[in-house]
Amino acid sequence: MSQDEHSAYNYLRHTKKFPNVWCSGCGIGIVMSALIRAVDRIGLAKDDVAVVSGIGCTGRMPVYLDFNTMHTTHGRALAFATGLKFARPGLTVIVIMGDGDALAIGGNHFIHAARRNIGLTAIVVDNSIYGMTGGQHSPTTPLGSRATTAPYGNIEPPFPVCELAAAAGATFVARSTVYHAVELDRYIEQAIRKNGFSLVEAVSYCHTTFGRLNKLGPAVDMMRRLKENSVTKSAAEKLSPEQRAGVIVRGVFCDEDRPEYTALYDEVIQRAQEGAGAAVRTTGGLG
Amino acid sequence: MTARLMQGNEAVGWGALAAGCRFYAGYPITPSTEIAEMLSRELPKLGGKFIQMEDEIASLAACIGASVGGLKALTATSGPGFSLMQEHIGYAAMVEVPCVIVDVQRLGPSTGQPTSPSQGDVMQARWGAHGDHPIIALSPTSVRQAFDLTVQAFNFSEQYRTPVILLLDEVIAHMREKVELPAPDAVRVVDREITRVPSEWYLPYGDALSDVPPMASFGMGYRYHVTGLFHDPAGYPTQRLDEIGPWIERVFRKIERNLADIVLVEEDGTDAANTIVVAYGATARSAQHAVKLARGQRAKVGLVTLLTIWPFAEEVIERVAHMARRIVVPEMNLGQLALEVERIAGRRKVVRVNRANGEMVTPMMILEAIEGK
Ligand SMILES: Cc1ncc(C[n+]2csc(CCOP(=O)(O)OP(=O)(O)O)c2C)c(N)n1
Ligand code: SF4
Ligand SMILES: [Mg+2]
């Protein structure tokens, strides 16, 4: 048994929940093991880690993990996590979301969590489809791809997830794929270490729905496509715009330092206790 | 404390602080906004946390997250925001996480009339979230009671691990009354029971004598799972009938076994009355006046003021209905709680007095109904 397998064992719940709900060959499990390796490498105590998820195949991840875990509602994981982190800033709070979860129903929470720069680590498992509900198009489904609700091909352009997060104010943003597991570990580790809102887009696939609908073959073929169809950021810079279309660009897109929300609020508490700001009058309004 | 002139919304804020609330998440909406404004100022003074979220769905989510983190949490809103919160009211009931939701009711569906009073959310408070779940909802009749019932809402929420809704009427929220708040140490505060077993024995949804399993906050060293799926005593998702059934029975039982504690009612002259008025919220103030006028004309009228709206005061209504010939139910809606009174009253005559145009039900309207005009 390799060191990594051994350490993963420490972080899984063995009481009840295996085998897991995922289709064999699904990429979500790879993200889970990358997360475990990152936590292990940082050396966080399990009691000090919370993993919060939304609803979807991806959202099922926390139940297997031996941390403080919370499986919330579709799209709202970041809002729950915001309350938890704000109440207990000492916790490392990691939020796991699907692409539909994070960017369709949860899109508003996504941009606002980033804007606040609250110290959460968000991981989006981007399989460009609604896996759990059986293959409807999502905000990251490529143009022209088929989905059960886009039987003639998708006409909605996809969100560039990392660019969206960076523009909204995230202080660490990176993308890798489930083929590049070692790189994924590293990005998740960096994201957790960042004191601010960090996002890792883990590009995955869903052979069961998206793959079947778009005739992309079994899981192995889809995995191979992640390898062949992705380049590093520096390699991407050498490509022409045409060559770059449809290619997955991997790398760190943003790594900045700005004051983190709960730390700023500590200053608010200090100001309030010193008696400043109390003169603001309440109005009520009419809306 | 000395007497001061205070708004209902402010009284809610002071009540929350007295109850130990240390977290507020909300989104501005009339007629509830003063609660947020006042807590944004007062909470940090006590080391508490205030956050203005991006919407009401996020607000209640943040409250639930904070409560799982160990803080007593409050959100306040009005009709449109209350509608948005429904999914998470169901989630809080499902995961049995204490939190308090204030709904300052305003008139009408949709945007309606933001500054006009109404009691139109009574049924929504009971049935707004999907699926069968227990709920507690309270409704104060005065500014002072807004303070008391906010404390009570937190106490019930902590004691029974359940979301509690405070239904406030816009009139009380914005009305200023002279109130004398109790000294902090005179306020009875209930805190959730925290588990004392070693972490490897802890079952977040296990059997408990009281039907309310003790809690553990995230970060305390008890690593467990919280999910809105039906779950087993350890908190893990289940599809087993022998785990889902007992869960549903327990969460209803924890309320039903404690109705004597939870159902708060004020009775005035109901033992010798042939006419009973059943009222709540601001309408109870009009009812008090009407009953006084009717008694001046020697009518035998009793008044039941419901402070707890849900669970419904079935036992009390059954008892008073038994002796009465007519029951008058005034409401600032088209007849919501009257449906419950009718269900219990059997063949007794129930007279509804309704107004849903943004004006109060007046004492004269109730008086006429008492007199059978
Ligand atoms: C409010 C709400 N709307 C819809 C659903 C149904 N639903 C469950 S999972 C899901 C989409 C999942 O897609 P994604 O977030 O991409 O996760 P994946 O399953 O692909 O990992 C939807 C629409 C729900 N549970 N709640
Ligand atoms: S449906 Fe797709 S995303 Fe869901 S477990 Fe199966 S392969 Fe994975
Ligand atoms: Mg997806």
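Note that the coordinates shown come from a computational prediction; the quantities given were computed from them, not determined experimentally.

Colleague: How do you make sense of the site of ligand 1 when you look at a structure like this?
Modeller: Near ligand 1 lie 17 residues; those nearest to it are Cys57, Thr58, Asp99, Asp101 and Gly131 of chain A. Nearby residues place ligand 1 at the junction of chains A and B. Residue glycine 131 of chain A places a main-chain N or O atom 2.9 Å away from an oxygen atom belonging to ligand 1. Contact with the protein chains covers 77% of the free accessible surface of ligand 1, which is 590 Å². Broken down by class, the residue content of the shell around ligand 1 amounts to six nonpolar, eight polar and three charged.

Colleague: What am I meant to see in the domain arrangement of chain B here?
Modeller: By convention, interface size is frequently given as the accessible area that disappears when the constituent parts associate. Residue and element names in this part refer to chain B. One can read the domain layout of chain B as domain 1 (4-186) and domain 2 (266-370). Between the C-alpha centres of domain 1 and domain 2 the distance comes to 26 Å. Across the boundary between the two partners, domain 1 contributes 26 residues, which contact 25 residues of domain 2. Between domain 1 and domain 2 lies a buried interface of about 1900 Å² when both sides are counted; carbon and sulfur atoms form 59% of it. Among the residues domain 1 hides against domain 2, the three largest losses belong to Gln119, Met123 and Thr141. Together they make up 33% of the total. If you look at where domain 1 meets domain 2, you find one salt bridge.

Colleague: What is the right way to look at the coordination of the magnesium ion (ligand 3) in this model?
Modeller: Four donors placed tetrahedrally about a metal ideally form angles of 109.5 degrees, and six donors placed octahedrally ideally form angles of 90 or 180 degrees. All names here are of chain A. On the protein side, the magnesium ion (ligand 3) has Asp99 (OD), Asn127 (OD1) and Ile129 (O) as donor atoms, found 2.1 to 2.2 Å from it. Mapped onto the sequence, the residues coordinating the magnesium ion (ligand 3) show the spacing D-x27-N-x1-I. Within this pair, whereas aspartate 99 is found in helix α4 (residues 99-105), its partner isoleucine 129 is found in the loop between β4 (120-126) and α6 (161-168), the two being separated by 30 residues in sequence. Here the two residues aspartate 99 and isoleucine 129 agree in accessibility, since each one is buried.

Colleague: I'm lost on the packing of aromatic side chains in this one. Help?
Modeller: A ring pair, where both rings are aromatic, is described by two values, the distance of the centres and the angle of the planes. A full pass over the atoms with the stated rule returns 14 aromatic pairs over all chains. Ring centres of phenylalanine 110 of chain A and phenylalanine 197 of chain A lie 6.5 Å apart, and the angle between their planes is 90°; this geometry places the pair in the edge-to-face category. With phenylalanine 110 of chain A in helix α5 (residues 107-116) and phenylalanine 197 of chain A in the loop between α7 (181-193) and β6 (198-203), this residue pair connects regions lying 87 residues apart in the sequence. A relative accessible area of 0% places phenylalanine 110 of chain A in the buried class. Taken together, Phe86, Tyr261 and Tyr265 of chain A together with Phe23 of chain B form an aromatic cluster joined through their ring pairs.

Analysis parameters
- Residues numbered from 1 in each chain as written.
- Chains lettered and ligands numbered in written order.
- Predicted model: local features only at pLDDT ≥ 70, side-chain atom pairs only at ≥ 80, totals over all residues.
- Heavy atoms only, no water.
- Near = heavy atom within 4 Å.
- Polar contact = N/O pair within 3.5 Å; in protein donor to acceptor, adjacent residues only side chain to side chain.
- Areas by Shrake-Rupley, 256 points an atom, 1.4 Å probe, with all protein chains shown as cover.
- Nonpolar A, V, L, I, M, F, W, Y, C, P; charged D, E, K, R; others polar.
- Domains from an automatic or database assignment.
- Contact = heavy atoms within 4.5 Å.
- Buried area = accessible area lost by both parts, 1.4 Å probe.
- Salt bridge = Lys/Arg side-chain N within 4 Å of Asp/Glu carboxyl O.
- Donors = N, O, S within 2.8 Å, 3.2 Å for Na, K, Ca; no water.
- Helix = DSSP H or I, 4+ residues; strand = E, 2+ residues; numbered from the N terminus.
- Buried < 20%, exposed > 50% of the residue type's maximum accessible area, 1.4 Å probe, protein only.
- Phe/Tyr/Trp six-rings, centres within 6.5 Å; stacked < 30°, edge-to-face > 60°.

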